[in-house]
Amino acid sequence: MAITSYPFDEQPVSEGQFSYLFRELQSTGVADTVGGSGFSVYADSSGMQVKVNPGFALIRGHAVQSTSTEIRAISAASTSARTDRVVLRLDPAANQISIAVVQGTPGGGVPALTQTDTGIYEFPLAQVTVGVGAATIAASAVSDDRRFTGNTVGGWTTTTRPASPRTGRLGYNTSTKTWEFWNGTAWTDLAPTVTWSSISGRPNSFEPTSHTHEWTEVVNKPTSFNPSSHTHDWAQVTNKPTTYPPSAHGHDWDEVTGKPTVFPPSSHSHSWSSITSKPATFPPDSHSHSGYLTSGSTIAWANGSKMPHNNSASGSGTWYAVWVEGDGTFCRNTSSIRFKENVRDYEINPDDILALRPVIYDRKTQVDDRGTVKEGRKDEVGLIAEEVAEHLPWLVNYMDGEVDGLRYDLLGVALVPVVQRQAAQIASLEERLAALEAAA
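Since the structure is predicted, the reported quantities are computational estimates derived from the model, not experimental observations.

Asker: What is the right way to look at helix α1 (residues 15-25) in this model?
Answerer: Side chains three or four residues apart in an α-helix point the same way, a direct result of the helix having 3.6 residues per turn. Those residues of α1 that fall on the buried side of the exposure criterion are Gln-17, Ser-19 and Arg-23. Burial along α1 is one-sided: seen end-on, the buried residues are contained in an arc of 160°.

If you want it as structure tokens, here you go:
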């Protein structure tokens, strides 16, 4: 038969037909106020079990009612945590709706529900977490999983509407021409008229947000605008000249390009007061002038052999050996450890000292910058720097890349290993002589 209709008098109606009929009249769920206790599942650590409160529910057009608390056992704990489900199980073949436990897979997720259109249909009530080694089910292990039927939409007047219906009951009030619902304590307008005074938490004032206006929307605007301080790109300037003769100006040194890296000094002179590091006094040496350096003089007398002073020490009575640097400045020859660092032994070959050749010589005649002829000293005793450089180059001074002089003050240091070797030889000979005398 392609078309059926029911229920009618003297006509058999099957449970399947009634199921189709009632599921269109009311959705599947617990018939209770949302959050009510109907068919709620709980645990109280009284063992491996859960308890289900009384309740009434509609499952796929079939009704089920429980009038007492039901207890359902939970299988023993597994080696991994699992989740079980407590359900209302509709079984049309058995003609019943029962409370059942669907056991989950250890280490798995929440087990799936069986929900067929004409066969088994499982409606969830709660999820139960079963921990590893659990001996009881605690209240915290149960989480609610119920769904509720809700209420059909009604229509009434203010005087005929239901008294104390379930929370959420919805209807149209023909007296007030409004949709209203029961909030648990009173009928409430579903879409009330909102006025400014009825809004709670409204601000007292409103600061304008960033926005724009069309020019035509601006009122009281001026008819002309004096330019304010501003700039223009060079390309925007019209009638500008093509060239610009430079005006008097200056440049920082680092702004000058193409400048030479060095500057040879041109012929010039310096005042005596501008010369730094000059000695305070100048003892006279043997020459044809007044005996003292005058402004602009050089210290040529410091080159070569110098005349010793004839006067005796004064003041503290201390005389210092001095060094003359290449620029003519003097410095004291110091030797204290407080002026030295990185001190280490220095090996000197005594044979290099013994190879030196003492000589006697005459100084060459010199002409100073005033044209005065100065005859060199005669019969000076010393060493030839070039010969010393072959054996002890560290005693030699150089000027402009050429051998110039000797550090005679270091000859004493160079002689130390010679004296040490001779002292060792003498000591050895004395020991040998003593041994021979003892043997005789």
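Asker: For this particular structure, what's the right way to read the packing of aromatic side chains?
Answerer: Any pair of aromatic rings gets described here by the distance separating the centres and the angle formed by the planes. This model, assessed by the stated rule, comprises 8 aromatic pairs. Note on Trp-182 and Trp-187: the rings are 5.5 Å apart at their centroids and 65° apart in plane angle, and the pair reads as edge-to-face. In this pair, the class of Trp-182 matches that of Trp-187, namely buried. Centre to centre, the rings of Tyr-346 and Trp-394 are 5.6 Å apart; their planes meet at 85°, and the pair counts as edge-to-face. Here Trp-394 lies in the loop between α3 (385-391) and β21 (396-399) and Tyr-346 lies in the loop between β16 (330-332) and α2 (350-354), a separation of 48 residues in the sequence. Residue class for Tyr-346 comes out exposed when judged on its relative accessible area of 56%. For Trp-394, a relative accessible area of 27% puts it in the partly exposed group. Put simply, the rings of Trp-156, Trp-182 and Trp-187 touch in pairs and so form one group of aromatic residues. Positioned over the ring face of Trp-253 is Lys-259, at 5.2 Å from the centre of the ring.

Asker: I keep staring at the sheet that holds strand β8 (residues 96-102) and nothing clicks. Help me out?
Answerer: Paired through backbone hydrogen bonds, the strands of a sheet run either parallel or antiparallel to each other. In space, the 4 strands of this open sheet follow the order β8-β7-β9-β10, with antiparallel pairing throughout. Sheet topology places β8 and β10 (142-144) at the edges, where each strand pairs with a single neighbour. If you compare each strand with its neighbour and ignore which way they point, the axes differ by 20° on average. As judged from the 3 bridges shared by strand β9 (residues 121-130) and β10, these two strands associate in the antiparallel manner. Residue pairing in the sheet places Ala-126 in a bridge with Asp-144 of β10.

Asker: Even after reading the chapter, I still don't get the pairing of strand β12 (residues 170-173), so can you show me in this structure?
Answerer: On any regular strand, side chains alternate: one points to one face of the sheet, the next to the other face. What you see with β12 is a clean split: Gly-171 and Asn-173 sit on the buried side and Leu-170 and Tyr-172 on the side with no burial. Across 3 bridges, the pairing between strand β11 (residues 154-156) and β12 is parallel. Bridging from a neighbouring strand, Trp-156 pairs with Asn-173 of β12. Here β12 pairs with strand β13 (residues 178-182) via 4 bridges, running antiparallel. Looking at the pairing, Tyr-172 lines up with Trp-179 of β13. Counted along the chain from β12 to the antiparallel partner β13, the turn is 4 residues long, and its residue Lys-177 has a positive phi close to 55°.

Asker: Before we go on, may I ask you to explain the side chain of Glu-180 in this structure?
Answerer: Summarising the element assignment, Glu-180 is placed in strand β13. A distance of 3.0 Å separates the side chain of Glu-180 from the side chain of Arg-161, its partner in a polar contact. In this structure the side chain of Glu-180 is engaged in a polar contact, spanning 3.0 Å, whose partner is the side chain of Asn-173. The residues contacting Glu-180, other than those within four sequence positions of it, are Trp-156, Arg-161, Arg-169, Leu-170, Gly-171, Asn-173, Trp-187, Thr-188, Asp-189 and Leu-190.

Asker: Help me understand the layout of surface pockets in this model?
Answerer: Left-over empty space is what a probe sized like a water molecule reveals as it rolls over the atoms. Taken as a whole, the second largest pocket holds about 650 Å³ of empty space. Contributing to the lining of the second largest pocket are 20 residues, with Ser-335, Lys-340, Arg-344, Leu-410 and Val-413 lying nearest its centre. With 3 residues, the single largest contributor to the lining of the second largest pocket is helix α4 (residues 411-439). Here the residues of the lining of the second largest pocket sort into 10 nonpolar, 4 polar and 6 charged.

Asker: I'm lost on the nonpolar core in this one. Help?
Answerer: Across soluble globular proteins, nonpolar side chains have a tendency to be buried as a group. Formed by 25 residues in total, the largest nonpolar core has its most connected members in Phe-39, Val-50, Ile-59, Leu-88 and Ile-137. Among the elements that take part in this core, β9 stands out by supplying 6 residues, more than any other. Counting 13 residues, the second largest nonpolar core, distinct from the first, contains Val-388, Leu-406, Leu-411 and Ala-414.

Asker: When you look at a nonpolar patch on the surface in this model, what are you seeing that I'm missing?
Answerer: Together, Val-194, Trp-196, Ile-199 and Phe-206 make up a nonpolar patch on the protein surface, roughly 440 Å² of accessible area in all. Here Ile-199 lies in the loop between β14 (187-189) and β15 (322-324).

Asker: I'm lost on the sheet that holds strand β2 (residues 41-42) in this one. Help?
Answerer: Read from one edge to the other, the open sheet built from 3 strands follows the order β2-β3-β6, with strand pairing classed as antiparallel. Of all strands in the sheet, those bounded by a partner on one side alone are β2 and β6 (70-73). With 4 bridges joining them, strand β3 (residues 49-52) and β6 adopt antiparallel strand pairing. Directly across from Val-52, in β6, lies its bridge partner Glu-70.

Parameters and conventions
Residues numbered from 1 in each chain as written. Predicted model: local features only at pLDDT ≥ 70, side-chain atom pairs only at ≥ 80, totals over all residues. Heavy atoms only, no water. Buried < 20%, exposed > 50% of the residue type's maximum accessible area, 1.4 Å probe, protein only. Helix = DSSP H or I, 4+ residues; strand = E, 2+ residues; numbered from the N terminus. Arc of directions from axis to C-beta. Phe/Tyr/Trp six-rings, centres within 6.5 Å; stacked < 30°, edge-to-face > 60°. Lys NZ or Arg CZ within 6 Å of the ring centre and 35° of its normal. Pairing = 2+ DSSP bridges. Axes fitted to C-alpha atoms, helices over the stretch in contact; angles between N-to-C directions. Polar contact = N/O pair within 3.5 Å; in protein donor to acceptor, adjacent residues only side chain to side chain. Contact = heavy atoms within 4.5 Å. 1 Å grid on protein atoms, 1.4 Å probe; cavity = no way out; pocket = protein on both sides within 12 Å on 5 of 7 lines; lining within 4 Å. Points joined across faces, edges and corners; volume = space filled by probe spheres on them. Nonpolar A, V, L, I, M, F, W, Y, C, P; charged D, E, K, R; others polar. Core = buried A, V, L, I, M, F, W, Y, C linked by side-chain atoms within 4.5 Å. Patch = residues over 30% accessible without salt bridge, like charges linked within 9 Å, V, L, I, M, F, W, Y side chains within 5 Å. Areas by Shrake-Rupley, 256 points an atom, 1.4 Å probe, with all protein chains shown as cover. Salt bridge = Lys/Arg side-chain N within 4 Å of Asp/Glu carboxyl O.

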